[in-house]
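Residues per chain, in single letters:
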Amino acid sequence: MTVSCQHSRSSGKHGIHVVGGGLTGYAAALALADHGYSVRLYHRDEESADPLRTTTINPVAYGFLKSLGVMDAAAGDTPLAETLAPIDRILVTDDIPREKPLDTVINWDKPETGPLAWVVRNHDLTMALHALVEASPLIECIAARITDYHPQHPDYGHAAASLITDQGETIPAGLILAADGRNSALRQAASLRVITRNLHQTAIVAILSLDAPHQNMAWQKFLPGGPMALMPMPEPQLASLVWSMKTEDAAQLMEVDDDRFAMALDDASGKVFGGLRLASPKQAFPIIPQHAVWPVATRLALLGDAGHAINPLAGQGYNLALGDIMTLRDVLNTAGDTGGDIGGATVLKTYARRRWPEVVMMTMATDGLNMLFSFGKRRRRLAGMGMAVANLPPIKALAEKLASGRMFNRG
Ligand SMILES: Cc1cc2nc3c(=O)[nH]c(=O)nc-3n(C[C@H](O)[C@H](O)[C@H](O)COP(=O)(O)OP(=O)(O)OC[C@H]3O[C@@H](n4cnc5c(N)ncnc54)[C@H](O)[C@@H]3O)c2cc1C
């Protein structure tokens with residue numbers, strides 16, 4: 001499988017350097033190679049794909065990955081597209097007693113144009129991205145940990161920034177794309193400030209088996225400590241669980257045996273899909289949303305979780321990362337076409353300004369939903385009213401546009 005290269009473009013004298021071999025770094029390298037840029041990709045030696053987690057991909061993100069050849073790339077024995085679960089319905093409910101567990105407060109059905117979204121195993125997506133990266137003649141993969149950054153280079157002055165590797169090498173870089181995750185060493189080295197919101201919540205993630213088929217429904221229930229979400233998997237009786245709750249409750253639930261955990265699941269879900277059981281080990285992820293106040297520094301741009309790690313309740317973190325990549329690629333193309341410095345301040349400022357509205361809106365929407373629905377009866381009563389408002393057609397249409405990735409004129 002190869003990336004379809006358009007005509008070759010100049011990556012500048014000191015090149016484009018992507019740091020991080022996660023879902024964002026791989027996709028960024030592929031997107032730039034697809035437009036003819038040569039890229040160096042730094043990944044840590046010990047990278048391994050997450051076996052438990054899944055990612056929900058919205059229609060714009062799906063189209064973008066498809067355009068890069070990712071959907072046709074091999075995830076094991078099959079093309080990635082064949083391993084996805086389409087989402088045809090989204091049901092959202094709360095913990096007010098209702099007759100049936102599938103009675104909803106708000107719901108979305110798939111439009112004529114196709115599924116509302118798709119669920120992909122992170123492991124499969126990583127394999128497909130990796131296959132394309134390995135096959136691309138324009139991407140050079142380097143196993144190294146980047147330990148530091150300086151805005152200038154000792155030999156080239158302002159014409160290059162410096163990337164320092166764990167081997168002590170100082171690499172000149174025309175443009176650095178920091179896709180090194182929420183604890184980004186590059187972001188810290190560049191002194192880019194983050195705003196962090198710790199509400200002491202943790203998400204328990206696992207694959208569950210369902211007594212009744214999910215029928216490609218995504219189901220989410222807002223509970224006192226946070227939302228519980230079940231996302232359909234390609235297998236009709238498997239779902240991916242992301243259950244947010246207070247950190248102390250998660251710590252206790254992580255300790256109980258599988259039978260006790262199944263009882264807790266049935267209690268919390270009201271036996272949705274006939275009852276739920278663990279089909280994998282469970283994993284806990286602290287939820288500490290954060291975003292960089294400004295996502296660029298000299299010759300450096302933050303991409304993905306390095307720039308914004310949002311609450312996972314709406315399944316939008318990676319979609320936002322792909323939005324970063326699409327925007328950056330467009331901004332670089334424009335600069336390249338007009339002979340500009342692709343790592344220069346004008347280019348980076350344009351990228352930062354263009355990303356700001358979507359990142360802020362998604363951050364506020366996910367934080368706001370979490371604050372409104374979690375913690376305390378009074379808030380949840382308010383949330384019930386909020387849901388009624390959210391069910392009004394114009395508000396629903398707006399939410400749909402934001403979640404699908406179409407709000408900002410992509411796709
Ligand atoms: C429970 C949970 C559920 C989620 N569900 C969804 C969902 O349904 N839909 C969705 O869109 N998003 C979802 N997300 C968000 C999504 O998983 C992330 O946004 C996405 O994985 C971020 O990828 P990344 O590559 O930016 O960061 P990471 O996955 O953190 O990758 C960073 C990479 O950089 C490497 N690295 C770090 N430091 C260095 C260094 N110094 N030198 C070299 N390499 C380095 C790391 O080894 C790693 O490979 C979820 C998140 C959580 C926690």
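Residues numbered from 1 in each chain as written. Predicted model: local features only at pLDDT ≥ 70, side-chain atom pairs only at ≥ 80, totals over all residues. Heavy atoms only, no water.

**A word on the packing of aromatic side chains**
For the structure on display, the rule yields two aromatic pairs. With centroids separated by 4.0 Å and ring planes inclined at 20°, the aromatic side chains of Tyr62 and Trp118 adopt a geometry described as stacked. Here Trp118 lies in strand 9 (residues 117-121) and Tyr62 lies in helix 2 (residues 59-67), a separation of 56 residues in the sequence. Exposure remark for Tyr62: the relative accessible area of 17% places this residue in the buried category. For Trp118, a relative accessible area of 13% corresponds to the buried category. On the numbers, 6.1 Å between centres and 55° between planes, the contact of Trp243 with Phe261 is tilted. Residue Trp243 is found in strand 19 (residues 238-246), and its partner Phe261 is found in helix 6 (residues 258-269); the two are separated by 18 residues along the sequence. Overall, Trp243 belongs to the buried group, its relative accessible area being 7%. Geometry around Phe261 places Lys282 over its ring, the cationic atom sitting 5.2 Å from the centre. (Phe/Tyr/Trp six-rings, centres within 6.5 Å; stacked < 30°, edge-to-face > 60°. Helix = DSSP H or I, 4+ residues; strand = E, 2+ residues; numbered from the N terminus. Buried < 20%, exposed > 50% of the residue type's maximum accessible area, 1.4 Å probe, protein only. Lys NZ or Arg CZ within 6 Å of the ring centre and 35° of its normal.)

**Description of the nonpolar core**
It is characteristic of soluble globular proteins that their nonpolar side chains tend to be buried jointly. Core analysis: the biggest nonpolar cluster contains 55 residues, and Val70 and Leu125 have the highest contact counts within it. For this core, the two domains that each supply at least three residues are domain 1 (16-78 + 122-196 + 289-376) and domain 2 (84-121 + 200-287). Residues in contact with Val70, not counting those within four places in the same chain, are Leu30, Leu65, Leu80, Leu125, Ala128, Leu129 and Leu132. Counting residues in each nonpolar core, the second largest holds 24 residues, with Leu91, Leu223, Leu253 and Leu276 among its members. (Core = buried A, V, L, I, M, F, W, Y, C linked by side-chain atoms within 4.5 Å. Domains from an automatic or database assignment. Contact = heavy atoms within 4.5 Å.)

**Section: the sheet that holds strand 10 (residues 139-143)**
Strand order in this open sheet of six strands is 10-2-1-14-24-23, and the pairing throughout is mixed. Two strands in the sheet have a free side with no partner beyond their single neighbour: strand 10 and strand 23 (296-297). Taken strand by strand, helix 1 (residues 23-34) contacts strand 1 (16-19), strand 2 (39-43), strand 10 and strand 14 (175-178), and its axis lies near 170° from that of strand 2. (Pairing = 2+ DSSP bridges. Axes fitted to C-alpha atoms, helices over the stretch in contact; angles between N-to-C directions.)

**What to know about the environment of Asn58**
Counting through the fold element by element, Asn58 comes out in the loop between strand 3 (54-57) and helix 2. Overall, the relative accessible area of 6% leaves Asn58 in the buried class. Placed 257 residues apart in sequence, Asn58 and Gly315 show a C-alpha to C-alpha distance of 9.0 Å. In terms of polar contacts, Asn58 uses its side chain to reach the backbone amide nitrogen of Ala61, at 2.9 Å. (Polar contact = N/O pair within 3.5 Å; in protein donor to acceptor, adjacent residues only side chain to side chain.)

**With respect to a nonpolar patch on the surface**
Taken together, the side chains of Ile195, Val293 and Trp294 make up a nonpolar region of the molecular surface, amounting to roughly 230 Å² of accessible area. By the element assignment, Ile195 lies in strand 15 (residues 194-196). Take Ile195: its relative accessible area is 36%, and that puts it in the partly exposed class. (Patch = residues over 30% accessible without salt bridge, like charges linked within 9 Å, V, L, I, M, F, W, Y side chains within 5 Å. Areas by Shrake-Rupley, 256 points an atom, 1.4 Å probe, with all protein chains shown as cover. Salt bridge = Lys/Arg side-chain N within 4 Å of Asp/Glu carboxyl O.)

**A word on the pattern of salt bridges**
In this structure the tally under the stated criterion is 11 salt bridges. One salt bridge in this structure joins Asp109 and Arg89, with 2.6 Å as the shortest N-O distance. Here Arg89 lies in strand 7 (residues 89-94) and Asp109 lies in strand 8 (residues 106-109), a separation of 20 residues in the sequence. In this structure, Asp259 engages Arg277 in a salt bridge whose closest nitrogen and oxygen atoms are separated by 2.7 Å.

Read these as geometric descriptors, not functional statements.
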